[in-house]
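Inside the fold
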Amino acid sequence: QKEAVERLSQLLGEHVKQYNEMGEKLKDGIASMEARLDTLGKDIGTYHAATSAFNMESHSFDSNVVRQHIGGIRSILEKDKAADSKYHGLHTAAKELKAHHTAQALNDQEKAKVQSVADQAHDVEVMAEKGSSQSNSLFMIMVVAVLVVGVLFLNRMRYYEKKHYI
């Protein structure tokens, strides 16, 4: 049985190895086929442009079709140039804004305002802390008062129980 399991493992290993090699070959074949299809598409586009520009009746190239094709290429390049100039302008404006923002330092009056706001925030924090401690102390006083009233109430109940009034 051990030999059979080893033989089976060996056969499975060989099968996996062959399968991986075939997968790599298929992957390479598909990649080369895709490259050839791209080349074929470009060639067909070139032939289509040439045949649409060629006039079969006069056996000559139609200059209007060639001009239209060149005009189309020029319009694509102009649109790309316009978009590129917009992005360049946006990039320049962003640089200028960043440079202006970082170069602008706080003057003495602005620093005093910032310090004043910081002091006010600290004062509010101190007041909130005092209010919190005051409310905590009042809460403790109320708890103690409730406990005292409860103890007095229990003592009165014991007194009445001893006298058998209840």
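Preceding this paragraph is the structure being described.
Residues numbered from 1 in each chain as written. Predicted model: local features only at pLDDT ≥ 70, side-chain atom pairs only at ≥ 80, totals over all residues. Heavy atoms only, no water.

**Regarding the overall build of the protein**
Selection rule: Elements are defined by DSSP. Helices are runs of H or I of four residues or more, strands are runs of E of two residues or more, and each kind is numbered from the N terminus. Here the globule rule reads 2.2 Å times residues to the power 0.38, and the radius of gyration is calculated from C-alpha atoms. The cut-offs for exposure are 20% and 50% of the maximum accessible area for each residue type, with area from a 1.4 Å probe on protein chains only; residues under the lower value are buried, those over the upper are exposed, and the others partly exposed. The Shrake-Rupley method, run with a 1.4 Å probe sphere, supplies the accessible areas, and residue values consider only the shown protein chains as cover.
For the protein, the helix and strand inventory stands at three helices and two strands. Across the protein, helices and strands are ordered from the amino to the carboxyl terminus as α-β-β-α-α. By the compact-globule yardstick of 15 Å for 166 residues, the protein is too spread out, its C-alpha radius of gyration being 46 Å. Each of the three principal axes of the protein carries a C-alpha extent, and together these read 135 × 85 × 35 Å. Out of the 166 residues belonging to the protein, those deemed buried represent 1%. For the protein, the computed accessible surface area is about 15800 Å², with 63% contributed by carbon and sulfur atoms.

**A closer look at the packing of aromatic side chains**
Heads up, the rule is: Aromatic pairs are defined between Phe, Tyr and Trp rings, using the six-membered ring for Trp, whenever the two ring centres lie within 6.5 Å; interplanar angles under 30 degrees are classed as stacked, those over 60 as edge-to-face, and all others as tilted.
In the structure shown here, the tally under the stated rule is one aromatic pair. Ring centres of Y159 and Y160 lie 5.8 Å apart, and the angle between their planes is 55°; on these two criteria the pair is classed as tilted. Residue class for Y159 comes out partly exposed when judged on its relative accessible area of 38%.

**What to know about the environment of K130**
On the secondary structure map, K130 appears in helix α3 (residues 108–163). Look at K130 and you get exposed, because its relative accessible area is 53%. Taking the C-alpha atoms as reference points, K130 and N55, 75 residues apart in sequence, are found 96 Å from one another.

**Comments concerning a nonpolar patch on the surface**
Operational definition: Note on patches: the residues involved have over 30% relative accessible area and no salt bridge, like charges join within 9 Å, and the nonpolar side chains Val, Leu, Ile, Met, Phe, Trp and Tyr join within 5 Å. Each reported salt bridge corresponds to a side-chain nitrogen of Lys or Arg within 4 Å of a carboxyl oxygen of Asp or Glu.
Judged by side-chain polarity, M33, L37, L40 and I44 come together as a nonpolar surface patch covering roughly 390 Å² of accessible area. Relative to the helices and strands, L40 is located in helix α1 (residues 2–53).

**So, the environment of S52**
Relative to the helices and strands, S52 resides in helix α1. C-alpha separation for the pair S52 and K162, spaced 110 residues apart in sequence, amounts to 122 Å.

Bear in mind that shape data such as this cannot, by itself, settle questions of function.
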